[in-house]
Amino acid sequence: MIESIIVCEHTTDDFKPINKKSIFFPNDFSVQILVKLSSVKKDSEILFHWYIGLTP
């Protein structure tokens, strides 16, 4: 199960978020997504679908 999702500009080498984001602007060319899962076992299948749309 997903415990948390954090959107940020960058991450540290030990996966800490740098500059968390909740609002995006046209000059935000990329973001990084940190997804914390409660457990992952051998043969677990994890599939993410991301949709980015315009909001008026």
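Details of the structure are given in the entry above.
About the cut-offs
Residues numbered from 1 in each chain as written. Predicted model: local features only at pLDDT ≥ 70, side-chain atom pairs only at ≥ 80, totals over all residues. Heavy atoms only, no water. Pairing = 2+ DSSP bridges. Helix = DSSP H or I, 4+ residues; strand = E, 2+ residues; numbered from the N terminus. Axes fitted to C-alpha atoms, helices over the stretch in contact; angles between N-to-C directions. Contact = heavy atoms within 4.5 Å. Buried < 20%, exposed > 50% of the residue type's maximum accessible area, 1.4 Å probe, protein only.

## Examining the sheet that holds strand β2 (residues 17-20)
And step 1. On the basis of which strands lie adjacent, the open sheet formed by 3 strands has the order β2-β1-β3 and antiparallel pairing. Here the strands that pair on one side only, and so sit at the sheet edges, are β2 and β3 (32-37). For this sheet the average axis-to-axis angle between neighbouring strands, irrespective of direction, equals 55°.
And step 2. One ladder, built from 3 bridges, connects strand β1 (residues 2-11) with β2; its direction is antiparallel. Looking across to β2, one finds that H10 is bridged to I18.

## A word on the side chain of K21
And step 1. Tracing the chain through its elements places K21 in the loop between β2 and β3.
And step 2. Non-local contacts of K21, meaning those with residues more than four positions away in its chain, are made with V7, C8, E9 and D28.

## Things to note about unusual backbone geometry
The general pattern is negative phi for most residues beyond glycine and trans for most peptide bonds.
And step 1. In this structure, F15 takes a positive phi of about 65° despite not being glycine.
And step 2. Mapped onto the fold, F15 is located in the loop between β1 and β2.
And step 3. Within the chain, D43 stands out as a residue other than glycine whose phi angle is a positive 70°.
And step 4. Relative to the assigned elements, D43 resides in the segment after β3.

## A short note on the environment of K20
And step 1. Along the chain, K20 turns up in strand β2.
And step 2. What makes K20 exposed here is its relative accessible area of 60%.
And step 3. Separated by 10 residues in the primary sequence, K20 and H10 place their C-alpha atoms 8.4 Å from one another.
And step 4. What K20 contacts, discounting residues up to four positions off in sequence, is I6, V7 and C8.

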